[in-house]
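Spelled out, the chains give:
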Amino acid sequence: MAPSHVLKCCQKVLAWVPVAFIALVVAWSYYAYVVELCVFTISSTAEKVVYLVVFHLSFVMFVWSYWKTIFTSPASPSNEALLKLLSIQLMDVETSADNSQFCLSKADKEQYEKEERPESQQEILRRAAKDLPIYTTTASRAIRYCDRCQLIKPDRCHHCSACDICVLKMDHHCPWVNNCVGFSNYKFFLLFLMYSLLYCLFVAATVLQYFIKFWTNELPHTHAKFHVLFLFFVAAMFFISILSLFSYHCWLVGKNRSTIETFRAPTFRNGPDKNGFSLGCSKNLREVFGDEKKYWLLPIFTSLGDGCNFPTRLVIMDPEQLTVSSQSEPAKSSGGSQSFPTRPLSESQNRLLASDSQWVESGPEEENVKSGSLHRNTSVDSMVLFVVGFSIVF
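Residues numbered from 1 in each chain as written. Predicted model: local features only at pLDDT ≥ 70, side-chain atom pairs only at ≥ 80, totals over all residues. Heavy atoms only, no water.

**Q** Looking at this structure, how should I read the confidence of the model for the chain?
**A** Do not read the fine detail of predicted coordinates wherever pLDDT is low. Per-residue confidence for the chain gives a mean pLDDT of 80, with 73% of residues at or over 70. The low-confidence segment residues 355-394 (pLDDT under 50) makes 106 contacts with residues lying over four places distant or belonging to another chain. (pLDDT = per-residue confidence, 0-100. Contact = heavy atoms within 4.5 Å.)

And the structure:
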């Protein structure tokens, strides 16, 4: 017991090493730019003022978004306090999710644990999930259940082996922030990538002329030379590595996919479809950043929904959802024959679906559903390798 406890403590400490490394690099870059470049190297006062003002703006936004990405706890179906906080931050948006509904009742849990046959266990799960806003299953058409957390997984929810919790709309576990990137902090993660990209670009662009002057010996050899030369190399290197990762996540936002869903398409009752949650680029963007554009560039939570249920374009093809009564007529699209899911959606999701007359995305994404597979319990370790591969220089 003791060695295991010590090992876990060591793992927790080592997990902060990448974050400490980034913090040290950022602290050194601040010193090198402000002191060595602006104070000791640049002679023009006007140039100093302009550089320092723009630098500090980008630096504050970068550090703010990085901090929020690190210290925002991952939203979990079992974390009711967190989702209450998120619902407060949503201001006018009413959340309809009750997280406790994804946990089995005491009687169902006891019966589930007593049953040895998977078929009987699935029958218990189906009975418990029949009224839940869940539209995805495993590849074998089984209810997605986490034995570790002992709850039915909402759509797009996966268990993180590093955090040891189920994370709502999990994208990946990022070692550079020592946190799971998911519903509660995905916007912060995107802003962190964007502001770090702008920070590196600004530093590299403004340092370039002095880098050339030091390199060609136009400026005298001082202690600032090493900092200026190294600052340009580091900024350029980080810019190139972050650019690929940021471009990839911008593509994911436009498609309304997570990193996990890119590799393993979510399985609906009609089969797997990687575009099942896509509502069109504009609505996909609003789902992450919210309705009010004035908050898009600020690292404050404005994402739509509750993280437990999501509007999906594939539910309309579900044979179990086609029995729509006359009471659902106002919820229909202008197409007439297409209707919204009969299960309730949150107010934010209804706004996403009702803003346009035709909410089903047209074009290539209306391809036929193809066969595929989705593992029952998703491990995030492969996602970590993917992120590290994109940001290996990082």
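Additional details are given in the paragraphs that follow.
**Q** So what exactly am I meant to see when it comes to the pattern of salt bridges here?
**A** Oppositely charged side chains can form a pair if their charged atoms are brought close together. A full pass over the atoms with the stated rule returns nine salt bridges. Arg156 is the salt-bridge partner of Glu261, the closest N and O atoms lying 2.8 Å from each other. In this pair, Glu261 sits in helix α9 (residues 259-263) while Arg156 sits in the loop between β3 (151-152) and β4 (158-160), placing the two residues 105 residues apart along the sequence. Each member of the pair, Glu261 together with Arg156, is buried. Put simply, Arg156, Lys169, Glu261 and Glu287 are held in one network by salt bridges that share partners. (Salt bridge = Lys/Arg side-chain N within 4 Å of Asp/Glu carboxyl O. Helix = DSSP H or I, 4+ residues; strand = E, 2+ residues; numbered from the N terminus. Buried < 20%, exposed > 50% of the residue type's maximum accessible area, 1.4 Å probe, protein only.)

**Q** Any chance you could explain the packing of aromatic side chains here in plain terms?
**A** The relation between two aromatic rings is expressed through the spacing of the ring centres and the mutual angle of the planes. Counting across every chain of the model gives 27 aromatic pairs. Consider the rings of Phe62 and Tyr199, whose centres lie 5.3 Å apart with planes at 20°: the pair is stacked. Highlighted residues: Phe62 in helix α3 (residues 45-71) and Tyr199 in helix α7 (residues 186-215), separated in sequence by 137 residues. Residue classification places Tyr199 among the buried residues on the basis of a relative accessible area of 6%. With centroids separated by 6.2 Å and ring planes inclined at 75°, the aromatic side chains of Phe277 and Phe310 adopt a geometry described as edge-to-face. Separated by 33 residues along the polypeptide, Phe277 in the loop between β9 (271-272) and α10 (281-289) and Phe310 in the loop between α10 and α11 (347-354) bring together distant segments of the chain. For the residue pair Phe277 and Phe310, the accessibility class agrees, reading buried in each case. Members of the aromatic cluster, connected to one another through ring pairs, are Tyr30, Tyr33, Tyr51, Phe55, Phe59, Phe62, Tyr66, Phe189, Phe192, Tyr199 and Phe202. In this structure, Arg156 is placed above the aromatic ring of Phe277, and the distance from its NZ or CZ to the ring centre is 4.4 Å. Above the face of the Phe310 ring, Arg156 is positioned so that its terminal group lies 5.1 Å from the ring centre. (Phe/Tyr/Trp six-rings, centres within 6.5 Å; stacked < 30°, edge-to-face > 60°. Lys NZ or Arg CZ within 6 Å of the ring centre and 35° of its normal.)

**Q** How should I be thinking about the environment of Phe310 in this particular structure?
**A** Residue classification places Phe310 among the buried residues on the basis of a relative accessible area of 4%. Each C-alpha atom of the pair Phe310 and Phe277 lies 7.3 Å from the other, and the pair is 33 residues apart in sequence.

**Q** Would you mind showing me how to read α10 here?
**A** A turn of α-helix holds 3.6 residues, and therefore any two residues three or four places apart point the same way. When we look at burial in α10, the residues that qualify are Lys283, Asn284, Arg286, Glu287, Val288 and Phe289. Of the residues one or two after α10, Gly290 is the one with positive phi, at around 95°.

**Q** Help me understand a nonpolar patch on the surface in this model?
**A** A contiguous nonpolar surface patch, about 430 Å² in accessible area, is contributed by Val49, Val50, Val53, Val54 and Leu57. With respect to the secondary-structure elements, Leu57 resides in helix α3. Residue classification places Leu57 among the exposed residues on the basis of a relative accessible area of 58%. (Patch = residues over 30% accessible without salt bridge, like charges linked within 9 Å, V, L, I, M, F, W, Y side chains within 5 Å. Areas by Shrake-Rupley, 256 points an atom, 1.4 Å probe, with all protein chains shown as cover.)

**Q** Just checking my understanding: could you explain the layout of surface pockets for this structure?
**A** One simple way to see leftover space: roll a probe sized like a water molecule over the atoms. Taken as a whole, the largest pocket spans an internal volume of roughly 570 Å³. Among the secondary structure elements, those contributing two or more residues to the lining of the largest pocket are α1 (2-15) and α3. Per element, the largest residue contribution to the lining of the largest pocket is five residues, and it comes from α1. In terms of residue class, the lining of the largest pocket is made up of ten nonpolar, seven polar and four charged. (1 Å grid on protein atoms, 1.4 Å probe; cavity = no way out; pocket = protein on both sides within 12 Å on 5 of 7 lines; lining within 4 Å. Points joined across faces, edges and corners; volume = space filled by probe spheres on them. Nonpolar A, V, L, I, M, F, W, Y, C, P; charged D, E, K, R; others polar.)

**Q** Is there a simple way to explain α3 in this structure?
**A** For α3, built from 27 residues, the straight-helix expectation of 39 Å at 1.5 Å per residue is met to within 8% by its first-to-last C-alpha distance of 38 Å. Among the residues of α3, Glu47, Tyr51, Phe55, Ser58, Phe59, Met61, Phe62, Ser65, Tyr66, Thr69 and Ile70 are the ones counted as buried. Buried residues along α3 sit in contact with α2 (17-39), β7 (179-181) and α7. Regarding α3, its N-cap is Ser44, as a side-chain oxygen of that residue lies 3.4 Å from the backbone nitrogen of Glu47 further along. (Expected span 1.5 Å × (residues − 1). Polar contact = N/O pair within 3.5 Å; in protein donor to acceptor, adjacent residues only side chain to side chain.)

**Q** Is there a simple way to explain the sheet that holds β9 in this structure?
**A** Hydrogen bonds between backbone groups are what pair the strands of a sheet, and the pairing can be parallel or antiparallel. Strands sit in the order β1-β8-β9 across an open sheet of three strands; the sheet is antiparallel. Since the sheet does not close on itself, it has two edges, and those belong to β1 (136-137) and β9, each with one partner. (Pairing = 2+ DSSP bridges.)

**Q** So what exactly am I meant to see when it comes to the nonpolar core here?
**A** Burial of nonpolar side chains together is a common tendency in soluble globular proteins. In terms of nonpolar packing, the biggest core is built from 55 residues, with Tyr33, Phe55, Tyr186, Phe189, Val203 and Val207 touching the most fellow members. At the level of secondary structure, the elements contributing two or more residues to this core comprise α2, α3, α7, α8 (224-255) and α10. With residues near it in sequence (within four places) discarded, Phe189 still touches Thr69, His172, Cys174, Val181, Leu245 and His249. Of all hydrophobic cores here, the second largest spans 21 residues; its members include Ala75, Ala129, Ile134 and Cys308. (Core = buried A, V, L, I, M, F, W, Y, C linked by side-chain atoms within 4.5 Å.)

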